[in-house]
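Here is what each chain is made of, one letter per residue.
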Amino acid sequence: ANTLPVILLGDFNARIGLSNQLDDFIFEDTNFSGKRNSLDTVINTRGNYLVKNMEEHGLFLLNGRSVSDNLGEYTFMTRTGKSTIDHVWSNTNGLD
């Protein structure tokens, strides 16, 4: 069965650190890699829940996997701290 492209993005208010590491073959012939980076290495409860549910539905995180975001930049910054809470998730058909 064909699966439609799915891309979800937004402020998930969840910190996932370096979770969702995958094999490079998934991203063959794309601008993404299986290994992802993140300047935010904290994982919180909401982050664990988010990763678990997204992976169960065949989605993976695009943050920190591309040449343009090879460090996994922070998406939220204030005087008191910074974090990565805005995420872009996709299925393999969303990469086409």
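One can find the structure itself at the top, above this paragraph.
Residues numbered from 1 in each chain as written. Predicted model: local features only at pLDDT ≥ 70, side-chain atom pairs only at ≥ 80, totals over all residues. Heavy atoms only, no water.

Student: Can you help me understand the environment of histidine 57 in this one?
Tutor: Assignment of secondary structure puts histidine 57 in the loop between helix 1 (45–56) and strand 2 (60–61). Linking histidine 57 and glycine 34, residues 23 residues apart in sequence, is a C-alpha distance of 17 Å. (Helix = DSSP H or I, 4+ residues; strand = E, 2+ residues; numbered from the N terminus.)

Student: When you look at the nonpolar core in this model, what are you seeing that I'm missing?
Tutor: A general feature of soluble globular proteins is that nonpolar side chains tend to end up buried together. Among the nonpolar cores identified, the biggest contains eight residues, and these are Ala14, Ile16, Leu50, Val51, Met54, Leu59, Leu61 and Trp89. With three residues, helix 1 is the largest single contributor of residues to this core. The contact partners of leucine 59, leaving out residues within four places of it in the chain, are Val6, Leu8, Asn20, Met54, Trp89, Ser90 and Asn91. (Core = buried A, V, L, I, M, F, W, Y, C linked by side-chain atoms within 4.5 Å. Buried < 20%, exposed > 50% of the residue type's maximum accessible area, 1.4 Å probe, protein only. Contact = heavy atoms within 4.5 Å.)

Student: I keep staring at helix 1 and nothing clicks. Help me out?
Tutor: Note that an α-helix has 3.6 residues per turn; residues three or four places apart therefore point the same way. Across its twelve residues, helix 1 extends 17 Å between first and last C-alpha, which sits within 8% of the 16 Å expected from 1.5 Å per residue. Of the positions making up helix 1, those classed as buried are Gly47, Leu50, Val51 and Met54. Taken around the axis of helix 1, the buried residues stretch over an arc of 95 degrees, which confines them to a single face. For helix 1, the exposed residues set more than 90 degrees away from the buried face come down to Thr45, Tyr49 and Glu56. Buried residues in helix 1 make contact with strand 1 (7–11) and strand 5 (86–90). Backbone geometry just after helix 1 places glycine 58 at a positive phi near 75 degrees. (Expected span 1.5 Å × (residues − 1). Arc of directions from axis to C-beta.)

Student: Sorry if this is basic, but what is going on with the pattern of salt bridges here?
Tutor: Where charged atoms of side chains with opposite charge meet at close range, the side chains can pair. Counted under the stated rule, the structure contains two salt bridges. The salt bridge partner of aspartate 40 is arginine 15, with a shortest N-O separation of 2.7 Å. On the criterion of sequence distance, the pair formed by aspartate 40 in the loop between strand 1 and helix 1 and arginine 15 in the loop between strand 1 and helix 1 is long-range, its members being 25 residues apart. For the salt bridge of lysine 52 with glutamate 56, the shortest nitrogen-to-oxygen distance reads 3.1 Å. One end of the pair, lysine 52, and the other, glutamate 56, are both in helix 1, four residues apart, so they sit about a helical turn from each other. Judged by its relative accessible area of 47%, lysine 52 is partly exposed. (Salt bridge = Lys/Arg side-chain N within 4 Å of Asp/Glu carboxyl O.)

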